[in-house]
Amino acid sequence: MSGGSLDGHVCGKERDPNGTLWLPLFDGRDIVEQPVDLTNLAPRYVQEAREFILKHASQQQPFFLYMAFSHVHQLCAPRFAECQWASSHFSRGGGGGKEGHSFRAEFGDAVEEMDWILGGVMDALDEAGSEVSDDTLVIFTSDNGPWTAEQSCAGSKGPFKGTWLKEHVSDDCTACPSEYKPSPLPGQKRRCIYPGTNYEVMGVPCGEDSGLGSAWEANVRMPAIVRWKGGGVPEGETSSEMVSTLDVLPTVLSMIGKDIPNGSEVDGIDVTDVFLGQSSSLPLREREDSQNETNRRRSERAIFFWRDGFKTGPLPAPFGRFDVVAMKIGWYKLWFWTKSSHYNADEEVYHDPPLIFDVLNDPAEAYPLDPDKNDDLIRHALHLMSEHKASIEWSAPLTLARDPKYLPCVNVESGCRTRPLPLDLDGGGDSIDQAEER
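Reading the values: the criteria
Residue numbers here run from 1 along each chain, matching the order of that chain's written sequence. Given that this is a predicted model, residues contribute local features only at a pLDDT of at least 70 and side-chain atom pairs are listed and counted only at 80 or more, while totals for whole chains, interfaces and linings are drawn from all residues. Just so you know, side-chain values use all the structure's heavy atoms and leave hydrogens and water out. Any residue under 20% of the maximum accessible area for its type is buried, any over 50% is exposed, and the rest in between are partly exposed; the area is computed with a 1.4 Å probe on protein chains only. The way it works is that DSSP assigns letters per residue, a run of H or I at least four long becomes a helix, a run of E at least two long becomes a strand, and they are numbered from the N terminus. The rule for pairing is simple: two strands pair if DSSP sees at least two bridges between them. Between rings of Phe, Tyr and Trp, where Trp is taken as its six-membered ring, a pair exists when centres lie within 6.5 Å; planes separated by under 30 degrees are stacked, by over 60 edge-to-face, and by other angles tilted. Any Lys NZ or Arg CZ that is within 6 Å of a ring centre and within 35 degrees of that ring's normal is treated as a charge sitting over the ring. A pair of cysteine sulfur atoms is labelled a disulfide when the two atoms are within 2.5 Å. Orientation is described by lines fitted to C-alpha atoms, with helices fitted over the stretch in contact, and by angles between N-to-C directions that extend from 0 to 180 degrees. Whether two residues are in contact is decided by their heavy atoms: any pair within 4.5 Å suffices. Per-residue confidence from the predictor is reported as pLDDT, a score between 0 and 100. The working definition used for a salt bridge is a side-chain nitrogen of Lys or Arg within 4 Å of a carboxyl oxygen of Asp or Glu.

## Observations concerning the pairing of strand S11 (residues 323-329)
In terms of burial, S11 is a largely internal element, 7 of the 7 residues being buried. Of the strand pairs in this sheet, strand S10 (residues 302-307) and S11 are connected by 6 bridges, and their pairing is antiparallel. Within S11, the position partnered with Phe304 by the bridge is Met327.

As structure tokens, then:
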């Protein structure tokens, strides 16, 4: 089966009818491996990062290393005994799991291996010498939270439970793992099937699906760790300031003494004072009286959460339209449209006045604040949202489908593979259960 990188693992026959959509490994613009060999990918990550760091350190050149982990995103068509991957030496299935594959791993295996990769990068900085290590700004964070419908395959929501949603969405609605479709049977209300195969898994109530693909806290509030020994970042301190990954660019430019180029539109702000432990920890309304201009400016800052999946709009189903569903001002979060993740069957619900949560003291988003006692906040939020939407340059999406001519392929004649398709999987037209029986 194609559509991924693991021979014998189904990954979407509907999206890849020709069986050539193999996941490539690029070096610059060149495909060096297709499909990528996951059994040794983690050590290769470490080796490439180490060589990059030591090369620039030896030449006394500044460097920028951006490392986007493959971990811990689960496999497509996940089954709960087969939904994560780790290199052979990390899979608890023993030698890489079933039949030598590396996809019989658990979520903990993927997290452990990601930690090992990060440790290898940090070791390379130490190997380059204390001057390089101490003078290197390291930022570690994540782009989204767990795909809740994939349950143990995708991690935990922790305290960010999205309780209000759970209590207000019909229990008849089921959220399925990626690519699965609800197909209930008597006594199996949450049954989900993967089209074209014999795969069956159990989904979750839509009201609990408030992670990846949504604007609930489980998806948008991510941990972040910053280290810069020689740059003044204090060790062991924590901050509850609202910071966005959009802030990384203007902050790094500020820290190295560079200005944002004239005419450039940058959404983030400079949060150097947060990184250096110099920001206020006062609640929003107390902070408004502060004489610190930086703190006052940040207290006015709003972050807007956009998403699609609306029932109506100019785009075809299930997209509908893109719109602001929620926004944050300080620790206050205002909801205008509520819905579970992705394209689940529950319809979006409009709120006027908006739901308001104090997400610092109520991270589960369980107890809406009284809108009558927060009318100033609501008026201010509506004004900021109106300004924000007016600043957006609207255009239609370039495409809503995959154009085959843009799909990466190392060689059409080889079926987009750098190594032959295993004989027992040749053809790839059967269901995964049939393939496993061969």
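The rest of the description comes next.
## Regarding the packing of aromatic side chains
All told, the structure shown has 9 aromatic pairs when counted by the stated rule. Considering the side-chain rings of Phe69 and Phe140, the 6.3 Å spacing of their centres and the 75° angle between planes classify their relative orientation as edge-to-face. Of this pair, Phe69 sits in the loop between helix H1 (41-58) and helix H2 (107-127) while Phe140 sits in strand S3 (residues 138-141), placing them 71 residues apart in sequence. Over the aromatic face of Trp22 sits the side chain of Arg417, whose NZ or CZ is 4.5 Å from the ring centroid.

## Thoughts on the state of the cysteines
According to the stated counting rule, one finds 4 disulfides in the structure shown. One disulfide bridge connects Cys176 with Cys192, the sulfur atoms lying 2.1 Å from each other. Measuring the twist about the S-S bond at about -80°, one finds the Cys176-Cys192 disulfide to be left-handed. One end of the pair, Cys176, is in the loop between strand S4 (174-175) and strand S5 (181-182); the other, Cys192, is in strand S6 (residues 191-193), and 16 residues separate them in sequence.

## A closer look at the sheet that holds S5
Across the sheet, which stays open at both edges, the 3 strands sit in the order S5-S6-S7 with antiparallel pairing between neighbours. Only two strands of the sheet have a single neighbouring strand rather than two, namely S5 and strand S7 (200-202).

## Things to note about the sheet that holds strand S13 (residues 349-358)
The 4 strands are arranged S10-S11-S12-S13 in an open sheet whose pairing can be described as antiparallel. Taken across any chain shown, the strands that pair with only one partner, and hence form the sheet edges, are S10 and S13. If you compare each strand with its neighbour and ignore which way they point, the axes differ by 20° on average. Helix-sheet contacts for helix H10 (residues 375-390) involve S10, S11, strand S12 (332-338) and S13, and the interaxial angle to S11 is about 130°.

## Some details on the environment of Gly313
Here Gly313 is to be found in the loop between S10 and S11. Linking Gly313 and Asp323, residues 10 residues apart in sequence, is a C-alpha distance of 9.9 Å. Those residues in contact with Gly313, other than ones at most four positions away along the chain, are Gly320 and Arg321.

## Some thoughts on helix H6 (residues 248-255)
Among all positions of H6, only Pro250, Thr251, Leu253 and Met255 are buried. Residues of H6 that are buried in the fold lie against helix H7 (272-275). Where H6 ends, the next residue or the one after it, Gly257, has phi of about 75°, a positive value.

## Remarks on unusual backbone geometry
Note that the residue after His71, namely Val72, is joined by a cis bond; omega there is 0°. As for its placement among the helices and strands, Val72 is situated in the loop between H1 and H2. Residue Pro353 is bonded to the preceding Asp352 through a cis peptide linkage, with omega at 5°. In this structure, Pro353 sits in strand S13. In the Ramachandran plot, Gln60 falls in the positive-phi region, its phi being about 55° despite a non-glycine side chain. Tracing the backbone through its elements, the reader meets Gln60 in the loop between H1 and H2. Of note, the phi angle at Gln151 is positive, near 50°, even though the residue is not glycine. Positionally, Gln151 belongs in the loop between S3 and helix H4 (163-168). Owing to a relative accessible area of 28%, Gln151 belongs among the partly exposed residues under this scheme.

## Here's the deal with the confidence of the model for the protein
Scored by pLDDT, the protein comes out at a mean of 85, with 85% of its residues at no less than 70. Within the model, the stretch residues 94-101 combines pLDDT values under 50 with 12 contacts to residues more than four positions away or in other chains. Here residues 425-438 is modelled with pLDDT under 50, and outside its nearest four sequence neighbours on either side it reaches 31 contacts, counting other chains as well.

## Notes on the pattern of salt bridges
Under the counting rule described, the total for this entry stands at 18 salt bridges. Note that Arg44 and Glu33 form a salt bridge whose closest N and O atoms lie 3.0 Å from each other. In this pair, Arg44 is assigned in helix H1 and Glu33 in strand S2 (residues 30-33), connecting sequence segments 11 residues apart. Look at Glu33 and you get buried, because its relative accessible area is 14%. One salt bridge connects Arg191 with Glu200, and the closest N-O pair in it is separated by 3.0 Å. By sharing partners, the salt bridges in this structure join Glu217, Arg221, Lys328, Lys333 and Glu365 into a single network.

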